[in-house]
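If you want the building blocks of each chain, they are given just below.
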Amino acid sequence: TIALGKFSVTPGLRYDNEDLIGDFISPSLGFTYDLYEKTLLRAYAARGFSSPPSPWGTDNIVYGYKGNPNLEPEKVWSYQLGFETGVLKYLWLKTSAFRHDIRDAINENKEIFDDPVYTYTKVNEGKTRRQGLEAELKTLPFYHFTLSAGATYIQNKNRITGETIRDYPKYSYDAGIKYDDEKSWKALLTGHYTWWNSMRAGKYDSFLVDFNIIKKFYKKANRESEVFATVHNIFDAAQHTSVYYRYPDRWMEAGIRFKF
């Protein structure tokens, strides 16, 4: 990162050698600018790729999936522009606009009509564009409590036909409340919702709510210990795009953490 007064510039370069794609070079470039007190402008561009998981090349009769061993990695150019500010009293705000231009985009639910065994497969289908907006806000601590919220809107289209691509998130929401006495107790209640725009027999009509509580019982020098308990999906909400891949009902975990 190179600092030039109120500007900072972060260039990057990554090299990959991967079985499916061979050599791949991914440049990136980021800028920030201190607009005024507690307000920062950001811009970023990068190239990258995403290889398909190996199971996607294998047939799965149980789920009616026809494997495609000839899948190619997706290649993407990503762009982002946004700002964040703490100039508002007791409130931190961050917002961004983003765009991902994808080549060899994978359609994960390509229907098969002429096969008595298999109903769908995955194929590379030209070019797509995913773009949208996201915003986050968080309060300053008030009597040890902090509130946070966020939202994302995504438009996912085929760049050749203009058709909207289904079975991907279209918008999502997050909300949370955190308690931290900065001594020994922490608690966090969070909610998350995604609208999947699914073509299949999915169910995603309610928030997933988790609760986590932590009690620190030992701290000395660089060592500390704490106990924790977490309840996931408190209200048994559904958040899945297919009946074959259901989101788990309520479940719990607890334990002890040692840090040193």
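Refer to the preceding data block for the structure.
Residues numbered from 1 in each chain as written. Predicted model: local features only at pLDDT ≥ 70, side-chain atom pairs only at ≥ 80, totals over all residues. Heavy atoms only, no water.

A. Seen up close, the pairing of strand S13 (residues 185-195). When strand S12 (residues 171-180) meets S13, the two strands line up antiparallel, connected through 10 bridges. From the neighbouring strand, Tyr173 faces S13, where its bridge partner is Tyr193. A loop of 4 residues connects S12 with S13, the two strands running antiparallel in sequence, and Glu182 in this loop sits at a positive phi of about 60 degrees. Relative to strand S14 (residues 208-220), S13 runs antiparallel, the two being bridged by 8 bridges. (Pairing = 2+ DSSP bridges. Helix = DSSP H or I, 4+ residues; strand = E, 2+ residues; numbered from the N terminus.)

B. Just the packing of aromatic side chains, in detail. Evaluation of the coordinates by the stated rule reveals 10 aromatic pairs. Look at Phe142 and Tyr143: their rings are 4.8 Å apart centre to centre, the planes differ by 90 degrees, and that puts the pair in the edge-to-face class. Neither Phe142 nor Tyr143 differs from the other in exposure class; each is exposed. Members of the aromatic cluster, connected to one another through ring pairs, are Tyr171, Tyr173, Tyr193, Trp195, Tyr204 and Phe207. Sitting over the ring of Trp56, Lys122 keeps its end group 4.5 Å from the ring centre. In this structure, Lys138 packs its charged tip against the face of Trp92, placed 5.7 Å from the ring centre. (Phe/Tyr/Trp six-rings, centres within 6.5 Å; stacked < 30°, edge-to-face > 60°. Buried < 20%, exposed > 50% of the residue type's maximum accessible area, 1.4 Å probe, protein only. Lys NZ or Arg CZ within 6 Å of the ring centre and 35° of its normal.)

C. Geometry of the layout of surface pockets. For the largest pocket, the calculated volume is near 710 Å³. For the largest pocket, the lining is made up of 30 residues, of which Asn107, Asn109, Lys110, Asp167 and Met199 are closest to its centre. Elements with a contribution of two residues or more to the lining of the largest pocket: strand S8 (106-111), strand S10 (127-139) and strand S11 (145-158). Per-element accounting of the lining of the largest pocket gives the leading share, 6 residues, to S8. The class makeup of the residues in the lining of the largest pocket is 12 nonpolar, 9 polar and 9 charged. Estimates place the volume of the second largest pocket at around 410 Å³. At the level of secondary structure, the elements contributing two or more residues to the lining of the second largest pocket comprise S8 and strand S9 (120-124). (1 Å grid on protein atoms, 1.4 Å probe; cavity = no way out; pocket = protein on both sides within 12 Å on 5 of 7 lines; lining within 4 Å. Points joined across faces, edges and corners; volume = space filled by probe spheres on them. Nonpolar A, V, L, I, M, F, W, Y, C, P; charged D, E, K, R; others polar.)

D. View of the pattern of salt bridges. Evaluation of the coordinates by the stated rule reveals 12 salt bridges. We note a salt bridge from Glu224 to Lys216, for which the minimum N-O separation is 3.7 Å. Comparing Glu224 with Lys216 shows no difference in burial state: the two are buried. Shared partners join several salt bridges into a network, and the residues in it are Lys216, Glu224, Glu226, Arg257 and Lys259. (Salt bridge = Lys/Arg side-chain N within 4 Å of Asp/Glu carboxyl O.)

E. Seen up close, a nonpolar patch on the surface. On the surface, Phe142, Tyr143, Phe145, Leu147, Ile177, Leu189 and Phe211 cluster together to form a nonpolar patch covering roughly 710 Å² of accessible area. You can see Leu147 is positioned in strand S11. In this structure Leu147 comes out as partly exposed when scored by relative accessible area, which is 44%. (Patch = residues over 30% accessible without salt bridge, like charges linked within 9 Å, V, L, I, M, F, W, Y side chains within 5 Å. Areas by Shrake-Rupley, 256 points an atom, 1.4 Å probe, with all protein chains shown as cover.)

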